[in-house]
Amino acid sequence: DTAGGGALPGRAGRPEMSPCGPGRYFCTAGRGLEPFLAREVRARLGATEVDCVSGKVFFSAAAGPGELRKLRSGERLFLLLKKHSPLTVSGNKGKMLHEIKSLVIEEPKYWLDIISIWRNLHGHEGKKGDVTRENPLALKRKSEEETNTASKRQKTEEEREVMSEECQVEAGKKCVVPERISDQESRTESNTSSEDPSKDSRENHTANEQLSFRVSCRCSGAIAKILTSQEIGRAVGIALMKQCGWRADLRDPDLEVFVHLNDIHSVVGIPLFRFPLANREYIKTAGLRSTVAWAMASLAEIHAGAFVLDPMCGLGTILLEAAKEWPEACYWGADISDSQLEGADVNIRTAGLMNKIELLKASAKALPLPSESFDTVISDVPFGKKFKIRNDAQFLPDILQEMERVIRVGGTVVLLLSQDLRKCMDSLTTCAGSDSSEAIADGTSETATVKAPSVDGNPSAVADGVGESFCSSRQMRFGSLVPDGVYGVSLGKTEAFIYKYRKISATRNR
């Protein structure tokens, strides 16, 4: 696998099965995490027909909601309705809207099958069949909407929360993104809700199958120059009402229909869960993006009885993700900041991991820990944005020296670095004369022999003025740490790199 690392914990007994057999799904992922997600669905769900594209992983799996919810490297999970080649773009809006409606609503029997799978997957949330029953609260809400549309629109704008497909936000921000509803969308709901649901309904519609729904549309590329997301959403919404007899409800629908049109593909799906998988209920205060933290831990080859250290733990997100997934290891976190340690302690208590994770106040440049006492070191090296670092160039080799000292021979070091710190790291590796093969994670399996780690097969540039100052005084200083992989990932607006190293020999006395 391109995102090779520690094995996921084995599942006791047979995997939880979907009542309707294998289903076809897709899960969104942050840029660079697609290979991690592909590996995870294979290992955790026994998935087949796995297909990676930018920002998404498609797969088939016979798994129930409990197993599907355990995915840790994905953002949002969808039942796949349609996956087609990109639509032909023309100057005729009407023709294009007709093609989009045909794409979404064609094959009514297939829609029935997918909705049946969706209902069975949601059976655990209430009595089976409850989703087909008219909800008294929904009927009351419908009456209120008809009599007070303006008030409904204003309240909806204040309260509606929509999950962002790409959920790539900087550390500390939640994935749930408030999305303002335009007047056009509000009019869409008002207009379509007033239509007779039974009018022009097809043979597959029966009175007790009425569902409430909303359409979430994302379009980019050539099609976005011709049609807006609102125009597409409105057309699809009206088509579904006529075909299925459903009613529009932007605020609290039974289901959401997701449409994504771009230059690569046309995708239609139904989200399985209301909130993104990346929203961890056991994290009180978010730090590093949980999906990136999990990906880092998955590379660290954590095993039962291993000692794992994060010398700059911050709010402890990496330790939390690792301890939840690999609970048989022992975890230690250090940080120089009292406020960060306090936040980490709250998170650890919220997650119920007080017996798994130990915290101590210490500088990453002078750890009060014995040499060669840890099997794994994992850390998000501060980028200097949230926490000011006076001398980045000096900071990195100093902490790397301590990591090299405390880790055992054969152990792994996994670091998250900014673009600038990556250049500094490459210069240090080049100075050390490390010539080793590395895994390159770009969605394909490749191996390259280079003097410094690279991403996508291109050796990284050494920062001007950084590196030369270390070569004379620090030659071979980190010779025991050998590069074992570089993975480019996105933290919203910030690009970052996961570096993996392995210690191949005892640290020299200094």
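Data block above holds the structure.
Keep in mind the model is a prediction, meaning the values are calculated, not measured. (Residues numbered from 1 in each chain as written. Predicted model: local features only at pLDDT ≥ 70, side-chain atom pairs only at ≥ 80, totals over all residues. Heavy atoms only, no water.)

A. Quick look at the pattern of salt bridges. Applying the stated criterion across every chain, the model contains 20 salt bridges. The shortest N-O distance in the salt bridge between Glu-40 and Arg-44 comes to 2.9 Å. Linking Glu-40 with Arg-44, this pair stays in helix α1 (residues 34–45), spanning four residues, or about one helical turn. Neither Glu-40 nor Arg-44 differs from the other in exposure class; each is buried. The shortest N-O distance in the salt bridge between Lys-361 and Asp-338 comes to 3.1 Å. Here Lys-361, found in strand β13 (residues 357–361), pairs with Asp-338, found in helix α11 (residues 338–350); they are 23 residues apart in sequence, far enough to count as distant. Relative accessible area serves as the criterion here: at 42%, Asp-338 is assigned to the partly exposed category. In the salt-bridge network here, residues are joined through shared partners; they are Glu-301, Asp-484, Lys-500 and Arg-502. (Salt bridge = Lys/Arg side-chain N within 4 Å of Asp/Glu carboxyl O. Helix = DSSP H or I, 4+ residues; strand = E, 2+ residues; numbered from the N terminus. Buried < 20%, exposed > 50% of the residue type's maximum accessible area, 1.4 Å probe, protein only.)

B. Region of interest: the pairing of strand β21 (residues 494–503). Of all 10 residues that make up β21, eight are buried, and the element is covered over most of its length. Here seven bridges tie strand β15 (residues 407–418) to β21, and the two strands are oriented antiparallel to one another. When the bridges of β21 are listed, Leu-416 appears paired with Ile-498. Of the strand pairs in this sheet, strand β20 (residues 481–491) and β21 are connected by 10 bridges, and their pairing is antiparallel. Looking at β21, one finds that Val-486 is bridged to Tyr-499. (Pairing = 2+ DSSP bridges.)

C. A look at helix α8 (residues 229–244). In this model, α8 (16 residues) spans 22 Å end to end at C-alpha, consistent with the 22 Å of a helix rising 1.5 Å per residue. Along α8, the positions that sit buried rather than exposed are Ile-232, Gly-233, Ala-235, Val-236, Gly-237, Ile-238, Ala-239, Leu-240, Met-241, Gln-243 and Cys-244. The first or second residue beyond α8 is Gly-245, which carries a positive phi of 75°. (Expected span 1.5 Å × (residues − 1).)

D. Region of the structure containing the environment of Pro-35. Within the secondary structure layout, Pro-35 lies in helix α1. With relative accessibility at 7%, the residue Pro-35 sits in the buried group. On a C-alpha basis, the gap between Pro-35 and Val-57 in space is 8.5 Å, while along the polypeptide they are 22 residues apart.

E. Representation of the sheet that holds strand β7 (residues 212–219). Pairing is mixed across the open sheet formed by eight strands, whose spatial order is β2-β3-β1-β4-β10-β9-β7-β8. The outermost strands of the open sheet, each flanked by one partner alone, are β2 (48–53) and β8 (247–248). Where helix α3 (residues 93–105) meets the sheet, it contacts β4 (77–84), β9 (255–261) and β10 (266–271), and its direction lies at approximately 125° from that of β4. Docked against the sheet, α8 engages β7, β8 and β9, running at close to 145° with respect to β7. (Contact = heavy atoms within 4.5 Å. Axes fitted to C-alpha atoms, helices over the stretch in contact; angles between N-to-C directions.)

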